[in-house]
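Understanding the architecture of this molecule
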Amino acid sequence: MMAKAHVTTTINGDPVEFLCDVEQTLLDVLRDELHLTGSKEGCASGDCGACSVVVDGRLVCACLMLGVEAQGHSVETIEGMATGDRLHPLQTKFLEHAALQCGVCTPGFLVAAKSLLDRNPDPTETEVRYWLAGNLCRCTGYDKIVRAVLDAAAEMRGATA
Amino acid sequence: MTDGSQEKANGATRWIGTRPVRPDGVDKVTGRARFGADVHLPNMLVGKVLRSPHAHARLKSIDTTRARSLPGVKAVVTRDDFEDLPSEFVPAGEMLVNYRDIVRNVMAREKVLYEGHPVAAVAAVGERAAKEALDLIEVGYEVLPHVMDVEEAMAPDAPLLHEDMITAGVEPAPETPSNVAKVVEFGHGDVEAGFAEADVMVEREFRTRPVHQGYIEPHSCVASFSEDGQAELWCTTQGHFIVRGHCAKLLGMEVSRLRVTASEIGGGFGGKTVVYLEPLALMLSRKSGNPVKMTMSREEVFRASGPAPGTCIRVRVGVRRDGRITAGEAELKYQAGAFQGSPVQLGCMCAFAPYDLENVKVTGYDVVANRPKATAYRAPGAPQSEFAVESVIDELAKAIGMDPVALRLKNAAKEGTRAAYGPTFGPVGLVETLEAAGAHEHYRARLAPGQGRGVASGFWFNIGGETCANLNLGEDGTIALVAGTPDIGGSRAALCLQAAEALGVDVETIRPLIADTSSLGYTFLTGGSRTAFASGMAVIEASKDMIGQLCERAAKIWDIPVDAVEWVEGEARPAGANAGEFESLPLADLAGLAGKTGGPIVGRAQINAQGAGPSFGTHVVDVDVDRETGRVEILRYTVIQDAGKAVHPDYVEGQMQGGAVQGIGWALNEEYVYDENGRLENPGFLDYRIPVCSDVPMIDTVIVEVPNPTHPYGVRGVGETPIIPPMAAIANAVEGALGIRFTDLPMSPPRVLKALDEARLPEAAD
């Protein structure tokens, strides 16, 4: 059997080392080796966005990247979004707007939405809709998700103004 | 003793109708919530399924010798591991299932009946060994001719899926087998006499394709059998008590030996009311002695789990010039998939349910074909039949020059209407939703040239059923609410609000839990739009039980008869001047004193909830059609629905919006593409395209409240109805935009382009 690869990386700001099979995706590693199960597998083909993570500031589907490719890079997952016991404004707004029903797509939406607001603090509804078009939600019809993101953006702009 | 829950029904409510943050919310925005695939156990094996590459074949042989000898492989199961079961129908949601068929659907026996049908399963140390083992299993198939389409399957010379299937519901019974499992018929009056009275008659034939529920979380479970024959199962399901029953039956165990825990569930929409992997994981765990985890890939979800059936539906409706419908007739042919049991009966019952008709007749055919077994999908059976009827109604309105809302209002079912399927309606809210639609600013807003507006209504029954709930009073006066219906979209919040209202306490003092199958009495699944209604009623009953105990404790403390104690706003008070003068006792005080006044206090309810209120909705949609690409754009969408009483309006709106967008996908994009060999060509979210965020506008909602008299707060189910009207509403809007009536779903760009080209041809010839 092929030897496992040793990978050194940073996850949510902490140094992390892991061993993985070379064919394991970053999502497999996060979920099965590191037990960071907040990132979900909905399709394993990059179509649903439930496994959205940020690698060196770039939004990616963890299912489309190999675990070994995380070597030397910095990965941010849903587990790192809240600070201590303080939720990120997006997390708070998702709750206030009831922007989730079953909740399985929610981590991916939050990671993707944060990535949008990091780039564009004042997006239009259309910009939100196109940025989040890579994240599938089958429960909500997207209405409350879009409202939550726009509201969070407004609040974050207010906080930094 | 009196309690406040009844008087609240007539007056203002403190909690019902408010919008607190859901109690399970933080876990779901932090990634902490554990869904089906999020469980890891020590020594856990990976289980995988070998699936048929053929749509129809006889299983000649299965040789697992090489797979079993592969290092790391701990167990292999095939048909030989499962006892055959006799034909026996049991309810699952609104549908029925047959154990003879379930045992064959989870693992093929004599034949494989669809591409993706399981033929073997393995459990191994790690993903890699499990996959390698599948490749080493040798299966001998004798490929048979297959049939996919419902009408082809009904043809006399069609390949037979089940050589012993004799059509039920036909007198005298046919002598030869066919793919028609059942014929059903509903109606009353004399349709031919009714059609004779009509000034205008429209008859159309409609076709809809199978669509998948499209839950984002694939099926997943972890099974752990112990040496003493007891087992635990964690799985994503809408009904863990149903899973327990099915699995125990298939594994030949007593239900008390199997404890099933429902994980958080990542969407279901009816598709997680049956078992696929669970019996296989249990069998693999029993054979290997290790916990076994099995998770479907998205491809497996598409190839092997249940779609809503494709259909062929013929509808005929007659109307007088004054707008009175004189008769309605429909013939529904539904694909059941590999085994009988499509929701055609429900489709028949719903088809004309929005209308008060003197003459109506509906005939349905349940037809097997070489596709995955159809499973419930949100109002199973109704979206197809009501699409057909609501399209014809629109055409009739146009033919007699009447506003489509006015035509519906003139014929709308209301209290006292005898439904086409038999019963007489109690208070229902169709008229109210139609009036709200007609009065809505959306309905009167100007359309730009080339745009179209459509309207359609929908009906769904809603169900009640067997339900338990407990309220465990803590020593500080806070409460653990224990329910047995998996929370698929915010029902914990709806249950806590109902308990808070009934008990008169702050909703934040109540924390909910979905109990496993050994910790609560049998509770039917989350489905049939029953959870806020039926678990809500159980929670209210449990609250009354608890209030009774609390009043007894207060009576004991005050040394007065219990009838002299009343429960008001979360505290015990002396009832009237004759009861004596005592300082009222709040819940927390009584909780603290429980040990000295008789012991722990637990409110319990085990009910069979009756009287679910039927649900009606009306949708209004504006569309534009790109004449070059054939793409239909949804410009504006309004959902109007009778909720009876919205317990948590955010989540009621969410159901209305989500259902509408699923309907938009059904109308415009979603369909399976099979090749000539019956193999699915689009088993992924790239090519089976469900609506994405940029496809849709905001979905406006209007909640109408016509209380359901059976429920203390008037609650009706709300979850399923919103998927029913979109297909017809959009088809009606597209007709308005293009003057072309679409009777085939989906109205995808290629189909729309083709229709546009055909419409242009005569122009070009001029």
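Keep in mind it's a predicted model, so treat the numbers as computed, not measured.

What counts and how
Residues numbered from 1 in each chain as written. Chains lettered and ligands numbered in written order. Predicted model: local features only at pLDDT ≥ 70, side-chain atom pairs only at ≥ 80, totals over all residues. Heavy atoms only, no water. Axes fitted to C-alpha atoms, helices over the stretch in contact; angles between N-to-C directions. Helix = DSSP H or I, 4+ residues; strand = E, 2+ residues; numbered from the N terminus. Left-handed = near helix turned anticlockwise from the far one by under 90°. Contact = heavy atoms within 4.5 Å. Nonpolar A, V, L, I, M, F, W, Y, C, P; charged D, E, K, R; others polar. Pairing = 2+ DSSP bridges. Buried area = accessible area lost by both parts, 1.4 Å probe. Salt bridge = Lys/Arg side-chain N within 4 Å of Asp/Glu carboxyl O. Domains from an automatic or database assignment. Polar contact = N/O pair within 3.5 Å; in protein donor to acceptor, adjacent residues only side chain to side chain. 1 Å grid on protein atoms, 1.4 Å probe; cavity = no way out; pocket = protein on both sides within 12 Å on 5 of 7 lines; lining within 4 Å. Points joined across faces, edges and corners; volume = space filled by probe spheres on them. Phe/Tyr/Trp six-rings, centres within 6.5 Å; stacked < 30°, edge-to-face > 60°. Buried < 20%, exposed > 50% of the residue type's maximum accessible area, 1.4 Å probe, protein only. Lys NZ or Arg CZ within 6 Å of the ring centre and 35° of its normal. Disulfide = S-S within 2.5 Å.

**Points about the packing of helix H12 (residues 382–399) of chain B against helix H21 (residues 726–738) of chain B**
All names here are of chain B.
- At a minimum axis separation of 8 Å, H12 and H21 run at an interaxial angle of 35°. Where H12 crosses over H21, the handedness of that crossing is right-handed. Judged by residue contacts, Pro383, Glu386, Phe387, Glu390, Ser391, Asp394 and Lys398 of H12 engage Met727, Ala728, Ala731, Asn732 and Glu735 from H21.
- Residue composition of the contact of H12 with H21, grouped by class: five nonpolar, two polar and five charged.

**What to know about the sheet that holds strand E3 (residues 52–55) of chain A**
Residue and element names in this part refer to chain A.
- Strand order across the open sheet formed by five strands is E2-E1-E5-E3-E4, with mixed pairing between neighbours. The two strands at the open ends of the sheet, each matched to only one other strand, are strand E2 (14–20) and strand E4 (58–61). Neighbouring strand axes in the sheet, compared pairwise and without regard to direction, differ in orientation by 40° on average.

**Remarks on the interface of chain A and chain B**
- With 47 residues of chain A in contact, the opposing surface of chain B contributes 52 residues.
- Summed over both partners, the interface of chain A with chain B buries about 4,200 Å², with 59% contributed by carbon and sulfur atoms.
- Linking chain A with chain B are six salt bridges.
- Put simply, Glu23 of chain A and Arg128 of chain B hold a salt bridge, and the shortest N to O gap is 2.8 Å.
- Contributing elements (two or more residues each) for the side of chain A that touches chain B: helix H1 (26–33), helix H2 (89–96), helix H3 (106–119), helix H4 (125–131) and helix H5 (143–160) of chain A.
- Tallied by class, the residues present in the side of chain A that touches chain B amount to 22 nonpolar, 10 polar and 15 charged.

**A short note on the domain arrangement of chain B**
Residues and elements named next belong to chain B.
- With domains assigned, chain B is organised as domain 1 (6–33 + 464–609) and domain 2 (38–144 + 213–304).
- Counting from both sides, the interface comprises 21 residues of domain 1 and, opposite them, 23 residues of domain 2.
- Between domain 1 and domain 2 the total buried area reaches about 1,700 Å² when both faces are included, carbon and sulfur atoms providing 61% of it.
- By the criterion of area lost to domain 2, the three top residues of domain 1 are Ile488, Thr517 and Leu525, representing 35% of everything that side buries.
- At the junction of domain 1 and domain 2, the tally comes to three salt bridges.
- The residue Asp516 makes a salt bridge to Arg259 at a minimum N-O spacing of 2.9 Å.
- Counting across the domain 1 and domain 2 interface gives seven residue pairs in polar contact (both at pLDDT 80 or more).
- A per-class count over the side of domain 1 that touches domain 2 returns nine nonpolar, eight polar and four charged.

**With respect to empty space enclosed by the protein**
All names here are of chain B.
- Scanning the entire structure with this criterion turns up seven cavities of 30 Å³ or more.
- Its boundaries defined by the atoms lining it, the largest cavity holds a volume of some 640 Å³.
- Elements supplying a minimum of two residues to the lining of the largest cavity: helix H16 (491–503), helix H17 (531–558) and helix H20 (649–668).
- Counting the residues that make up the lining of the largest cavity, at least three belong to each of domain 1 (6–33 + 464–609) and domain 2 (38–144 + 213–304).
- One number sums up the size of the second largest cavity: a volume of about 230 Å³.
- Together, 21 residues line the second largest cavity, and Val97, Ile102, Asn105, Val274 and Lys373 are the ones closest to its centre.
- Within the residue set of the lining of the second largest cavity, elements represented by two or more residues are strand E4 (89–92), strand E5 (95–98) and helix H4 (99–106).
- Class assignment for the residues of the lining of the second largest cavity results in 13 nonpolar, six polar and two charged.

**Observations regarding the packing of aromatic side chains**
All names here are of chain B.
- Applying the stated rule across the entire model yields 18 aromatic pairs over all chains.
- Pairing Phe241 with Tyr522 gives two aromatic rings, centres 5.7 Å apart and planes at 65°, and the pair type is edge-to-face. With a gap of 281 residues between them, Phe241 in helix H8 (residues 240–251) and Tyr522 in the loop between strand E23 (510–514) and H17 connect regions that are remote in the sequence.
- Judged by relative accessible area, which is 34%, Tyr522 ranks as partly exposed.
- With centroids separated by 6.4 Å and ring planes inclined at 75°, the aromatic side chains of Tyr421 and Phe425 adopt a geometry described as edge-to-face. In this pair, the class of Tyr421 matches that of Phe425, namely buried.
- Taken together, Tyr421, Phe425, Phe459, Trp460, Phe461 and Phe616 form an aromatic cluster joined through their ring pairs.
- Just above the ring of Phe195 sits the side chain of Arg316; from NZ or CZ to the centre is 3.9 Å.

**Side note on the environment of Phe89 of chain B**
All names here are of chain B.
- Following the sequence through the fold, Phe89 ends up in strand E4.
- Exposure remark for Phe89: the relative accessible area of 42% places this residue in the partly exposed category.
- Separated by 12 residues in the primary sequence, Phe89 and Asp101 have C-alpha atoms spaced 9.5 Å apart.
- Setting aside its immediate chain neighbours within four residues, Phe89 contacts Leu96, Val97, Asn98 and Gln340.

**Some details on helix H5 (residues 127–135) of chain B**
- Among all positions in H5 of chain B, only Arg128, Ala129, Ala130, Ala133 and Leu134 of chain B are buried.
- Looking at the buried positions of H5 of chain B, the neighbouring elements they touch are strand E1 (45–51), helix H3 (65–68), strand E3 (73–77) and strand E7 (118–124) of chain B.

**What to know about the pairing of E4 of chain A**
Residues and elements named next belong to chain A.
- Bridge count between E3 and E4: four bridges; the pairing is antiparallel. Of the residues in E4, the one forming a bridge with Val54 is Leu59.
- Counting the residues that bridge the hairpin from E3 to E4 gives two residues, and of these Asp56 lies at a positive phi of roughly 50°.

**Thoughts on the state of the cysteines**
- Following the criterion strictly, the structure yields zero disulfides over all chains and no others.
- The thiol of Cys105 of chain A is unpaired, and the distance to the nearest cysteine sulfur, on Cys137 of chain A, comes to 3.9 Å.
- Residue classification places Cys105 of chain A among the buried positions, given a relative accessible area of 7%.
- Cysteine Cys350 of chain B shares no disulfide, and the gap to the nearest cysteine sulfur, in Cys348 of chain B, comes to 9.5 Å.

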